[in-house]
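# Notes for the structure review
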Amino acid sequence: MLRLLVLRGTLGKNTQIRRKSSSSEIRDTYVEYFVEKHGHKHIKSSSVVPLCDPTVPFVNAGMNQFKGVFLGVVEAPCTRAVNSQKCVRVGGKHNDLELVGMDGHHHSFFEMLGNWSFGDYYKKDACQMAWELLLGPYRLKPENLLVTYFAGDAVIGLEEDKECRDIWKQIGVPLSRIKAHGARDNFWEMGPTGPCGPCTEIHYVHPDGSLTEIWNIVFIQCNREADGKVTGLRKQHVDTGMGLERVAALLQGVPTNYDTDLFQPLIAAIQKNSKGVLAYSGSYNADAALDQAYRRLADHARMISVCLADGVFPSTSLNLKQIMRKSFKISTDVFQNPDLLSILYNEVRNTLGETYPELVSKEKEAKLIIEHEREGYAKLRTTLKKKWRDLVQGHPEVAALHDVEIAGFALGYKELKETMSRIKSKMIPGELVFKLYDTHGFQEDVIQRIAKLNNLEIDKKGFWKLLADHRSRHKTAFKEQTSKKGTLFDKAIDKLHEGGIKKTDDNPKYDLKQSNNQITLKNLNTKLVAILNEDCEWIDFSEPSENRPYYLVTERTNFYCEEGGQIADEGQAYFNEDVGFKVESVFKIRDIVFHKGHFVLNRNCDENSLYQTSFYINVGQNVSLEVDSVKRLNVMRNHSAVHLLNAAIRKVLRHSVVCQIGSSVTDKGLSLNLSVYGEKLSPKVVLDAQQLVREAIESNAPVVTQVLTSTQLAIQAPNVLTVPGETYPESGIRLVSSAPPLISRELCCGTHVPAAGVIGEFCVTQVKGAGGNSPLLYALTGDSAAQARELYCRAQKLAEVIDLADPDRVKDEVTAIKRALSELTGTAGAPYGEYADCLQLLISLTKKATTNKNDLALQAIAQAEIAECCEEARRSGRRFAVHFLRCSYLMQSETVRGAVSADQTLPTLLLGCAGGTVVAAARVPLEMVTSSFTAEKWLSCLLPIFKASTLPATGDRSVLTHAEMTDTKVSLINCEQLVQDAMRVAIKYAQAHYRHAGGSAKDRQVEEDRQHDRV
C-alpha cells in the first residue's frame, strides 16, 4: 500500500515520497486493490488497434475491448474486471492531439486504470470502491476531493441522476462538494455511436482552487444509435477510468504529468542526445516553444513506440505516419538529431516494458520501421520545397501552415478552395473532408487548422459516418450504393426490418461435405423474402423478364458475398422446373445479402403443358440455391494458399517486418499486397517461400476454422495475424489456422479448403514492386498452377534438344509456350521466380535455334541415334540395348513411334516422349526369342509404370518379335523419373530372361553397370 503526503507544486528535497509513489507502484496498487479486496479479474490490456470497432481509429478508452459486452453481443469474460489499458487519442470524437505539449495533462497516448461491472454491482458499490481506494491506499484527504454527477438532459431524454447524488451523500461527501453538470461534462460517449451513459467524476481540489479530474465512473445504460437517438441497454454496467499519468502527478507531488517518472526519463534523453539546445525548464508560457517541443516529442515517442509494438503500421495508419513525421521534424529542426525517435524507444521500453512486454519483444521490428520512415521523411522534405513555394504564391494564407508536410497537401488544398468557392458554404461537407483524409492524406488536426484558417466549419458527423462506412463496406455494395439506388436499397431494407427480417443468415456458405478427398457443396432450400427490379422497386409478385436484372433476397443463403478480399459466388436459384435465376453477383448492405442476376425461363413446353406452366414468382415462395461448386473450390484453394504464402514470406524474411496491406482472391488466382520493412523481396526469397508452401501442400496439413467472440479472441490475440485497418465482428469471428510445417493463424471471413493438400499445385508467377516497400505478389493454384509448371518443363525439355531443332519449330514452340503462360497468368506484374526463368530460357532458345531441320531430318537423326546406340552396345560387349530417344522431344508421336518400332539386329527396347506422350516399343530377333523372353513379355514389364497396355499385333508382325505400348500421356514434371524407372526394370528383366545374357554373376553385374551408365 502507498502511504503518501499529497502536495501541490514542487517537492524540493522530499525525494522519498516520489520514490515510493512510482507509476509502477500506483498501477500495481490499483489492480491489486480490485483483485484482492473486491474479487475482480485482471484482464490484460488489449492492443491499441480496435479489432471489432470501425467507429474509432484507435482504442481511446478502457472500455473499448468490452463494447460488445455492453451491447449484449458477446458474453462477458467475467462479472468483474480490472486492468490498465493502453489508449491513443489522435482522431475521432476524443482527439487531444492539438493540446499535446501546450498544457500538462493532455496526451496522444495514456494509460487508463479501470474497473468494470458487467451486470453485477452498480452505482453504489462503484462509488464506494472508488472512494475507499482514494482515501485508503492512495491516502488522499476527503476535504481535497469534489464529485460531480449528471444533471439530466432534455435532448437526450434523461433526467437528473439523483440516485448518484444521494449515494455520495450517504458515503459522507458534503453537499457543497457535490456538483451537478450537464451532458457535456457528465454524459460519457466513446464515439459518435455505441455504448454511453451518465457519469460521475471525482476531482482533486488544489490549494488555488483549480481542479484535476482523477476518476470518471460511467454508468453504461444507454446506446447511441446511428441516427443519433439514445436508447436503453438490456443490462446495466459500470465502466470506470482513472488516467495513470494524472494520478501519478498527484501522488508524486509534481505540478504536471510531464514531471512524473513516466516522462522525465524521455525529456532527459532528448536533452542528452540533442545539439545546442537549452535544458527543459518546465515553462507553460505561450512563448515557451522549446519546452513545448520537449513535451510534444516525449509524448509522441510514447504513442509511436506503443503503436509499433502493437503492430500498427505507418503504411496503413495515416494518423501514425503523420505523427511520426511531426516527431522527425521536431527531432531534426529543434533538437538537431533526426535519430531521436529510435533513442527514445529505449526509454519507453524501460518505463513501460515490464507492464507491456511487447515493447521488449517487438523492439527490433519497431526500430526497423522507425529507420525506414525517417529515411522516407528526409526524401519527402526535399521534394516538397518547390511545391510549397508555388502553393504560397497562389494562396498566401497557407504560409501559416508551413509546418505541415504532406505529399498531397498542395493538390488537396487547391481542391478545397475550388470546391468551397463553388458551393458557397461555410461548412466543409463530410464528403470533402473524407476525400482530404482518404485521398490526399490530410490528418484530422490538419483539416481542423485549415478550416480555422479559412473561417470554415467542419461536418464532423458526416465525416465520421463516411469513415465508418468506408471501413465496413465491401466493393460491390459500395458500387451499387454510389448510384441513385443507395436510398432505394435502404428503403427495401427498412421494409424487411418492418417484417421482422433484420439480417440474412449466410452461415450456410461455410457448409461443405468432404469424402475421399472430394469436396461437395450442399444446395440450400430457403424462402424468397424480397424481389427488387433493376430500379430497386419492391415487387411482391411478378412474371419475371429474362432481359432485365433483378435483386433477390432470401431468408438464408449459401452464397458468399464479396468480403475479405474474396470474390463473390456465382450459381443458380431454382423456383421450379420452369423458373430459374442465374446469380451473377452477391453483395451485402446492412447485413442483408442481395443476389443480383437474370431469370432463366424454360419455355420449351408442349401445347398440352402450356396451361399448367406458371412463370410467376412471389415473395414467400420456396427457392433452392445452388452455388457454382467448381468456381467456389478454386476460390477456396486460392484463399487458403494466400494465407500460406503470407506465412511463408514472413518465415523467409524473419529479420524483416512484414505487414499485409490486403489480398485478392478469385477463381483464377490470388494476389497478396505487403508492406515490407528491412530486407526486401528477391527471386530467392520468393522461391524459398514458394517451396515452403509446396511442402505444406505435400504434407496435406489440416486447415481448421474456429469461431470466436471478441473476448475469446483477446486471449489468443498475440499469436493471431490481422489485417491492419480491418474491423471484425464482436461475435462469429473466424480464426483460420493451418498446422505445421507452415503455421498460419489469421482472422478471416473467407472460405477455405479443409486441408492444404486440396490446393494441389502452387506457383508464384508475378511480383509488382519487388524491390520496394509495398510488393504485390500474384500466384496460381490447382490446375492452373499445374499447367504453368507443365509449360516450364516443356521449355526445359526443348532446351535439352535445341541443337537438333528446326528453327521454325523452335519458334512455334516458344510462341505456344509464351501464349499459354500469358493466358494463365495475365499481365498484372513482372514475371518472377520460375516464370521469369522460363521466359529467359525461351528467349535464349530462340537465339540458339540456328539450324534448319525438318521432320525427315529429325527422323534420320533418330535412326542414326538408335543405330549408334546399338553399335555402342556391341562394342561394349552388351547383348541387348535399352535406350531413350533424346530427339523425340522435338518430334510428333507418330514419327517417334516409327523410329522406335523399326527392326534391329539385336534385342532393343526403345522409349521416346513427344509433347508429353510416351511411346515405347520392344524388338527381339526371332532367333533370340525364348519362352520367357519375347518382345511382348519384355515390354510388359514396364507397363505398370506408365499404367499402359500393349497394342495388338499388326500385319505380319508377331508379338514374339515386335511389341508396342499404347500412347501414354504423362506430366513433363515426372516424365524423366518414369523413364528412368522403366529403363531399369527393362534392363533387369533382360538380364534375368535373355538366354544369351548368361555367364557368371560377376559378368552379369558388369553388364548391369554398363546398362545403368546408359540410363
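One can find the structure itself at the top, above this paragraph.
Values in this document were obtained by computation on a predicted structure and should not be read as measured data.

### Regarding the overall build of the protein
Across its full length, the protein holds 32 helices and 35 strands. Along the first, second and third principal axes, the C-alpha atoms of the protein reach 125 × 85 × 65 Å. The buried share of the protein, reckoned over its 1015 residues, is 53%. At a minimum sequence separation of 6, the contacts of the protein that also span at least 24 residues come to 70%. Total accessible area computed for the protein in this model is approximately 44700 Å², and 49% of it derives from carbon and sulfur atoms. A gap of 4 Å separates the mean positions of the 123 positive and 123 negative side-chain charges of the protein.

### Observations concerning the pairing of strand β7 (residues 194-205)
Counted residue by residue, β7 has 12 buried out of 12 residues, so it is predominantly covered. Relative to β7, strand β4 (residues 145-150) runs antiparallel, the two being bridged by four bridges. From the neighbouring strand, Leu-146 faces β7, where its bridge partner is His-203. Where strand β6 (residues 187-189) meets β7, three bridges bridge the pair, whose relative direction is antiparallel. Across the sheet, Glu-189 pairs through a bridge with Cys-196, a residue of β7.

### Some points on the pattern of salt bridges
Counted under the stated rule, the structure contains 45 salt bridges. In this structure, Glu-111 engages Arg-27 in a salt bridge whose closest nitrogen and oxygen atoms are separated by 2.9 Å. Here Arg-27 lies in helix α2 (residues 23-38) and Glu-111 lies in strand β3 (residues 109-118), a separation of 84 residues in the sequence. This pair shows no difference in class: Glu-111 is buried, exactly as Arg-27 is. The shortest N-O distance in the salt bridge between Lys-435 and Glu-415 comes to 2.7 Å. Pair noted here: Lys-435 is in helix α15 (residues 430-438) and Glu-415 is in helix α14 (residues 409-423), with a separation of 20 residues, a long-range link.

### A look at the packing of aromatic side chains
The full count for this structure, using the stated rule, is 31 aromatic pairs. With a centroid separation of 5.7 Å and an interplanar angle of 45°, the aromatic rings of Phe-150 and Phe-187 are classed as tilted. Of this pair, Phe-150 sits in strand β4 while Phe-187 sits in strand β6, placing them 37 residues apart in sequence. Judged by relative accessible area, Phe-150 falls into the buried class, the value being 1%. Centroid distance Phe-409 to Phe-442: 5.2 Å. Interplanar angle 20°. Geometry classified as stacked.

### So, the layout of surface pockets
Empty space within the second largest pocket amounts to approximately 700 Å³. Broken down by element, the lining of the second largest pocket gets its largest block of residues, seven residues, from helix α10 (residues 318-334). Tallied by class, residues from the lining of the second largest pocket come to 11 nonpolar, six polar and 10 charged.

### Quick word on the sheet that holds strand β24 (residues 670-677)
The sheet built from five strands is open, its strands ordered β23-β24-β29-β28-β30 with antiparallel pairing. What marks the edges here is a single partner per strand, and that holds for β23 (657-665) and β30 (830-831). In the packing of helix α24 (residues 782-800) onto the sheet, contacts are made with β28 (762-768) and β29 (776-781), and the angle to β29 comes to roughly 95°.

### Some words on the nonpolar core
Ranked by size, the top nonpolar core spans 89 residues in total, and within it Trp-168, Ile-214, Trp-215 and Met-303 carry the most contacts. For this core, the leading source of residues is helix α9 (residues 289-309), giving 11 residues. Excluding residues within four positions of it along the chain, Ile-214 makes contact with Leu-134, Leu-140, Leu-145, Ile-202, His-203, Tyr-204, Gly-241, Met-242, Gly-243, Val-247 and Leu-250. Judged by nonpolar contacts, the second largest core, of 77 residues, contains Val-810, Phe-884, Met-891 and Met-983.

### Here we look at the packing of α10 against helix α13 (residues 363-394)
Contact geometry of α10 with α13 gives a least axis separation of 10 Å together with a crossing angle of 75°. Relative to α13, the element α10 is oriented roughly perpendicular. In this structure, α10 contributes Lys-321, Met-324, Arg-325, Phe-328, Lys-329, Thr-332 and Asp-333 to the contact, and α13 contributes Ile-370, Glu-373, Arg-374, Tyr-377, Leu-380 and Arg-381.

### Digging into unusual backbone geometry
Here Pro-740 and Pro-741 are connected by a cis peptide whose omega angle stands at 20°. Tracing the backbone shows Pro-741 in the loop between β26 (733-738) and β27 (744-747). We note that Asn-455 has phi near 55°; this positive angle belongs to a residue other than glycine. In this structure, Asn-455 sits in the loop between α16 (444-453) and β11 (457-458).

### A look at the sheet that holds strand β25 (residues 703-708)
Strand order in the open sheet formed by three strands is β25-β26-β27, and the pairing between neighbours is antiparallel. The open sheet has two edge strands, β25 and β27, and neither has a second partner. For this sheet the average axis-to-axis angle between neighbouring strands, irrespective of direction, equals 20°. Relative to β27, β26 runs antiparallel, the two sharing four bridges. Bridge pairing links Val-736 to Glu-746 in β27.

### With respect to the packing of α2 against helix α4 (residues 123-135)
The contact between α2 and α4 brings their axes to 11 Å, and the two run at 125°. By the angle between their axes, α2 is oblique relative to α4. In this structure, α2 crosses over α4, and the sense of that crossing is right-handed. Contacts between α2 and α4 involve Tyr-30, Tyr-33, Phe-34 and His-38 from the first element and Met-129, Glu-132 and Leu-133 from the second. Partitioned by chemical class, the residues of the contact of α2 with α4 number five nonpolar, one polar and one charged.

### What to know about empty space enclosed by the protein
For the coordinates displayed, the defined rule picks out three cavities of 30 Å³ or more. Each pocket or cavity is described by its volume, and for the largest cavity that value is around 60 Å³. What lines the largest cavity is simply Ser-640, His-643, Leu-644, Val-703, Val-736, Ser-737, Ser-738, Ser-744 and His-752. Contributing elements (two or more residues each) for the lining of the largest cavity: α21 (629-652) and β26. Looking at the lining of the largest cavity residue by residue, the class counts come to three nonpolar, six polar and no charged.

### Some points on α21
With 24 residues, α21 should cover 34 Å at 1.5 Å per step; its first-to-last C-alpha distance of 34 Å lies within 8% of that length. The buried count for α21 comes to 19 of 24 residues, which makes it a mostly enclosed element. The backbone nitrogen of Val-630 lies 3.2 Å from a side-chain oxygen of the residue at the head of α21, namely Asp-628.

### Focus on the side chain of Ser-45
Tracing the chain through its elements places Ser-45 in the loop between β1 (41-42) and α3 (67-70). At 3.2 Å, the side chain of Ser-45 forms a polar contact with the side chain of Gln-85. Here Lys-86 takes part through its backbone nitrogen, which lies 3.0 Å from a polar atom of the side chain of Ser-45. In contact with Ser-45, other than residues within four places in its own chain, are Gln-65, Asn-83, Ser-84, Gln-85, Lys-86 and Tyr-356.

### Focus: the environment of Trp-131
Among the structural elements, Trp-131 can be located in helix α4. Here the alpha-carbon distance between Trp-131 and Trp-168, two residues 37 residues apart in the chain, equals 9.4 Å. When neighbours within four sequence positions are excluded, Trp-131 is seen to be in contact with Pro-142, Leu-145, Val-147, Trp-168, Ile-171 and Val-173.

Definitions and limits used
- Residues numbered from 1 in each chain as written.
- Predicted model: local features only at pLDDT ≥ 70, side-chain atom pairs only at ≥ 80, totals over all residues.
- Heavy atoms only, no water.
- Helix = DSSP H or I, 4+ residues; strand = E, 2+ residues; numbered from the N terminus.
- Buried < 20%, exposed > 50% of the residue type's maximum accessible area, 1.4 Å probe, protein only.
- Contact = heavy atoms within 4.5 Å.
- Areas by Shrake-Rupley, 256 points an atom, 1.4 Å probe, with all protein chains shown as cover.
- Lys, Arg positive; Asp, Glu negative; His and termini not counted.
- Charge placed at Lys NZ, Arg CZ, Asp CG, Glu CD.
- Pairing = 2+ DSSP bridges.
- Salt bridge = Lys/Arg side-chain N within 4 Å of Asp/Glu carboxyl O.
- Phe/Tyr/Trp six-rings, centres within 6.5 Å; stacked < 30°, edge-to-face > 60°.
- 1 Å grid on protein atoms, 1.4 Å probe; cavity = no way out; pocket = protein on both sides within 12 Å on 5 of 7 lines; lining within 4 Å.
- Points joined across faces, edges and corners; volume = space filled by probe spheres on them.
- Nonpolar A, V, L, I, M, F, W, Y, C, P; charged D, E, K, R; others polar.
- Axes fitted to C-alpha atoms, helices over the stretch in contact; angles between N-to-C directions.
- Core = buried A, V, L, I, M, F, W, Y, C linked by side-chain atoms within 4.5 Å.
- Parallel < 35°, antiparallel > 145°, perpendicular 65-115°, else oblique.
- Left-handed = near helix turned anticlockwise from the far one by under 90°.
- Expected span 1.5 Å × (residues − 1).
- Polar contact = N/O pair within 3.5 Å; in protein donor to acceptor, adjacent residues only side chain to side chain.

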